[in-house]
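Breakdown of the fold
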Amino acid sequence: MTALRSTLDTASAEFAGYRDAMLAKLAELETEHAKAVEGGGEKYTTRHHQRGKLLARERIELLVDEDSPFLELSPLAGWGSDFTVGASVVTGIGVVEGVECMIIANDPTVRGGSSNPWTVRKIFRASDIALENRLPVLNLVESGGADLPTQKEIFIPGGRLFRDLTRLSAAGIPTIALVFGNSTAGGAYVPGMSDHVVMIEERSKVFLGGPPLVKMATGEESDDESLGGAAMHARSSGLADYLARDEPDALRIGRRIVARLNWAKRGPAPAPVSPPRYDEEELLGVVPDGLKVPFDPRDVLARVVDGSEFDEFKPLYGTSLVTGWARVHGYPVGVLANARGILFSEESQKAAQFIQLANQTNTPLLFLHNTTGYMVGKDYEQGGIIKHGAMMINAVSNSKVPHVSLLIGASYGAGHYGMCGRAYDPRFLFAWPSAKSAVMGPQQLAGVLSIVARAASEARGQAYDEDGDAAMRAAVEAQVEAESLPTFLSGRLYDDGVIDPRDTRTVLGLCLSAIHTNSVEGARFDGTGFGVFRM
Ligand code: COA
């Protein structure tokens, strides 16, 4: 085994400066996370409690095993939109009776728990994670259905919510609905499509149309209880499999259902775990503020991987991409980590080879992003940078082992794709507060626009408006900078969350453990594996 020796000078002024900058970003992040936890705010939270009901997060806390971790996903969904941060639903992976489950809990304090466009996207993402990683799904339902003012954006795509539930079931992944309150209209299909349904006496209300709608449609006089009450569904319609006395009883029954699933993981068990030799706390001071100065990703790995042990592959070739083998919480990983930012032909070829090796040995891959993209320029184009980059993207796209991506610094241009960005379906993608992602850096983007505009005006024989150009550049730079930040990207569901660097090892361990609920198998080299590699 080869232990990494970190060269990070934790006594230096740079380290202290980078650490302070990271702590400031974490404080801002905390403020945004607090908004998600606050949900609908004091008024609606108090009203909810006064009704004798638990909040979404309180329900989750009672559902999961005592003192077990909960990996919350997409907590900033909807950030930067008109909707409440968190998008009126809490999703995450929690352990119930020893089984890692996907938990999806409506937050009834935010507009009655209704689903807006970001809610729907957040639940789609949770379903995808459940399907790929074979996680049983627990829906804690209390929702006013579609957010009616934005129905045009959710009604048609939102049908996937119910389709996903039955597809999970068809894939042998159990789905459980615990209904705490309203589950009206389309929402009625959440229990309707689930394998197991628990309802609560005098609390759950599940109907396609409430009394006013029924009156409008058919003239029939009815009431909530006879139309969709829990007792009715348990005794007459048969939609409720279990009738609970109250919320804690419903959560208890939910746990019993999971206990009876006879669930077993399919992936290999982890090896014995040893902690890194360096302090995770020091991860705060690794990334330079503003990303102008390069940093060594081995300083990150030394504080994340088991025993700081890392067997580097091709350390002398294509040195701006570090590749090698390690373990995180006992799970083997192949690591691809950018160093010094740029991907050249050598790095691309090295990555393609390394990804194939990981597939050959069924080893999950971990991508640590800090790249400004593939190298441009005459020599590099003539040297085949396009086909070499394509080779790396081919390998990433067709690799079948699970991928986890972590954006720690820059993730620009096609480099974001080659390093398994969101569109390349990593099983999980998290970002540090220092991460930035866009088609290119803000200055470069503004500069390109300026050059293009200048050439166009010269071609028209007009004088170029220099003042206008400066204003345009400043505006574009500010806009792209704001759109590159992790809170913005997280708000749009382009990652699964922004994490504290000090939690990296824990978060990766939870992801890898969840991933191993499914089997782990690489692509094969029998024609069913990779696309044609352009040499
Ligand atoms: N879309 C948009 N906003 C909604 C909403 C929906 N589907 N359901 C509730 N809200 C809003 C309410 O207008 C209210 O806003 P306000 O406080 O700013 O006035 C807030 O959410 C809380 O609703 P309220 O009715 O006070 O809460 P409640 O806990 O007493 O009742 C419901 C919650 C869900 C039972 C009730 O609001 C309801 O029946 N909503 C409509 C359900 C429906 O028919 N949906 C059709 C979906 S296809």
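Criteria and thresholds
Residues numbered from 1 in each chain as written. Predicted model: local features only at pLDDT ≥ 70, side-chain atom pairs only at ≥ 80, totals over all residues. Heavy atoms only, no water. Helix = DSSP H or I, 4+ residues; strand = E, 2+ residues; numbered from the N terminus. Rg over C-alpha atoms; globule rule 2.2 N^0.38 Å. Contact = heavy atoms within 4.5 Å. Areas by Shrake-Rupley, 256 points an atom, 1.4 Å probe, with all protein chains shown as cover. Patch = residues over 30% accessible without salt bridge, like charges linked within 9 Å, V, L, I, M, F, W, Y side chains within 5 Å. Salt bridge = Lys/Arg side-chain N within 4 Å of Asp/Glu carboxyl O. Lys, Arg positive; Asp, Glu negative; His and termini not counted. Charge placed at Lys NZ, Arg CZ, Asp CG, Glu CD. UniProt positions renumbered as here; feature names shortened; annotations may be inferred. Near = heavy atom within 4 Å. Polar contact = N/O pair within 3.5 Å; in protein donor to acceptor, adjacent residues only side chain to side chain. Nonpolar A, V, L, I, M, F, W, Y, C, P; charged D, E, K, R; others polar. Axes fitted to C-alpha atoms, helices over the stretch in contact; angles between N-to-C directions. Parallel < 35°, antiparallel > 145°, perpendicular 65-115°, else oblique. Left-handed = near helix turned anticlockwise from the far one by under 90°. Core = buried A, V, L, I, M, F, W, Y, C linked by side-chain atoms within 4.5 Å. Buried < 20%, exposed > 50% of the residue type's maximum accessible area, 1.4 Å probe, protein only. Disulfide = S-S within 2.5 Å. Pairing = 2+ DSSP bridges. Phe/Tyr/Trp six-rings, centres within 6.5 Å; stacked < 30°, edge-to-face > 60°. Lys NZ or Arg CZ within 6 Å of the ring centre and 35° of its normal.

1. So, the overall build of the protein
Along the protein, the regular secondary structure elements total 20 helices and 16 strands. Its C-alpha radius of gyration of 25 Å places the protein within 12% of the 24 Å reference for a compact globule of 535 residues. For the C-alpha atoms alone, the extent of the protein along its principal axes is close to 80 × 65 × 50 Å. Restricting the contact set of the protein to residue pairs at least 6 apart, pairs at least 24 apart contribute 75%. With an accessible surface of roughly 23,400 Å², the protein has 54% of that area assigned to carbon and sulfur atoms.

2. Concerning a negative patch on the surface
A cluster of like negative charges, contributed by Glu201, Glu202, Asp223 and Glu225, occupies part of the molecular surface. Considering the arrangement of structural elements, one finds Glu225 in helix α9 (residues 224–228).

3. Thoughts on the UniProt feature "domain: CoA carboxyltransferase C-terminal" (unreviewed entry) in the protein
When the UniProt feature table is mapped to this numbering, "domain: CoA carboxyltransferase C-terminal" (unreviewed entry) covers residues 275–514. Secondary structure content for residues 275–514 is 42% helix and 20% strand, while the C-alpha to C-alpha distance between its ends is 20 Å.

4. Focus on the site of the ligand
Within the structure, the ligand sits among 14 residues, and Tyr44, Arg47, Arg51, Gly144 and Ala146 are positioned closest to it. One nitrogen or oxygen atom from the main chain of Gly112 is found 3.3 Å from an oxygen atom belonging to the ligand. One of the backbone N or O atoms of Gly144 is found 2.8 Å from a nitrogen atom in the ligand. In the complex, 55% of the free accessible area of the ligand, which totals 870 Å², lies under the protein chains. Class assignment for the residues of the shell around the ligand results in five nonpolar, five polar and four charged.

5. Considering the packing of helix α13 (residues 345–360) against helix α15 (residues 385–398)
Close contact between α13 and α15 brings their axes to 8 Å; oriented N to C, the two are set at 25 degrees. Viewed along their axes, α13 and α15 adopt a mutual orientation that is roughly parallel. Crossing hand, α13 versus α15: left-handed. Across the interface between the two elements, Ser345, Ser348, Gln349, Ala351, Ala352 and Ile355 of α13 pack against Ile385, His388, Gly389, Met391, Met392, Ala395 and Val396 of α15. Split into classes, the residues belonging to the contact of α13 with α15 amount to eight nonpolar, five polar and no charged.

6. Here we look at the UniProt feature "domain: CoA carboxyltransferase N-terminal" (unreviewed entry) in the protein
According to UniProt, the positions carrying the feature "domain: CoA carboxyltransferase N-terminal" (unreviewed entry) are residues 22–273. From the first C-alpha to the last, residues 22–273 spans 28 Å; its make-up is 43% helix and 19% strand.

7. Digging into the nonpolar core
If you look at the biggest cluster of nonpolar residues, it comprises 75 residues, and the most contacted ones within it are Ile93, Met102, Val300, Leu368, Phe428, Phe430 and Trp432. For Phe430, the residues in contact, after removing those within four places along its chain, are Leu71, Leu73, Ser405, Leu406, Leu407, Asp496, Gly497, Ile499, Val507 and Cys511. In this structure, Val96, Phe180, Ile200 and Leu261 belong to the second largest nonpolar core, which totals 25 residues.

8. Examining the state of the cysteines
Within the structure shown, the criterion is met by zero disulfides. Cys420 takes part in no disulfide bond, and the closest cysteine sulfur to it belongs to Cys511, at a distance of 13 Å. According to the relative accessible area criterion, Cys511 is buried, its value standing at 0%.

9. Focus: the pairing of strand β10 (residues 321–328)
Regular strands place their side chains on alternate faces of the sheet. Buried residues dominate β10, accounting for six of its eight residues. As paired elements, strand β9 (residues 311–313) and β10 share three bridges and run antiparallel to each other. If you follow Phe313 over to β10, its bridge partner there is Thr323. In this structure, β10 lies alongside strand β11 (residues 331–338), joined through eight bridges in antiparallel fashion. Note that in β11 the partner of Trp325 across the bridge is Gly334. Between β10 and β11, which pair antiparallel one after the other, the connecting turn spans two residues, and His329 there sits at a positive phi close to 50 degrees.

10. Observations regarding the side chain of Ser114
Within the secondary structure, Ser114 sits in the loop between β3 (99–106) and α4 (117–133). From its side chain, Ser114 meets the backbone oxygen of Arg111 in a polar contact 2.7 Å long. Filtering out sequence-adjacent residues up to four positions away, Ser114 remains in contact with Ser88, Thr119, Ser143, Gly144, Gly145, Ala146 and Asp147.

11. What about the packing of aromatic side chains?
This structure, assessed with the given rule, holds seven aromatic pairs. Relative to Tyr424, the ring of Tyr417 lies with its centre 5.7 Å away and its plane at 35 degrees, an arrangement referred to as tilted. With a centroid separation of 5.7 Å and an interplanar angle of 40 degrees, the aromatic rings of Phe530 and Phe533 are classed as tilted. You'll find Phe530 and Phe533 in the same group, each marked buried. Arg134 extends its terminal NZ or CZ atom over the ring of Trp263, reaching a point 4.1 Å from the ring centre.

12. Some points on the packing of α4 against helix α5 (residues 151–158)
Viewed as axis vectors pointing N to C, α4 and α5 meet at an angle of 25 degrees, and their least axial separation amounts to 9 Å. Viewed along their axes, α4 and α5 adopt a mutual orientation that is roughly parallel. Facing Pro117, Val120 and Phe124 of α4, the residues of α5 in contact are Glu153, Ile154, Pro157 and Gly158. Here the contact of α4 with α5 is composed, by residue class, of five nonpolar, one polar and one charged.

13. Some remarks on the side chain of His48
Its location among the elements puts His48 in helix α2 (residues 42–50). Take His48: its relative accessible area is 4%, and that puts it in the buried class. Apart from residues lying up to four places away in sequence, His48 is in contact with Lys53, Leu54, Leu55, Arg59, Pro108, Thr109 and Glu142.

14. Things to note about the pattern of salt bridges
For side chains of opposite charge, pairing can occur when their charged atoms come near one another. The final tally for this structure, using the stated rule, is 30 salt bridges. Among the salt bridges present, the one from Arg255 reaches Glu97, with a minimum N-O distance of 3.2 Å. Of this pair, Arg255 sits in helix α11 (residues 247–259) while Glu97 sits in the loop between β2 (89–96) and β3, and the two are 158 residues apart along the sequence. Relative accessible area serves as the criterion here: at 32%, Glu97 is assigned to the partly exposed category. Between Arg502 and Glu281 there is a salt bridge, with its nearest N and O atoms 3.1 Å apart. Taken together, the residues Arg502 in the loop between α19 (486–491) and α20 (504–515) and Glu281 in the loop between α11 and α12 (297–301) connect sequence positions 221 residues apart. Accessibility expressed as a relative area gives 24% for Arg502, which makes it partly exposed. Residue Glu281 is classed as partly exposed on the basis of its relative accessible area of 34%.

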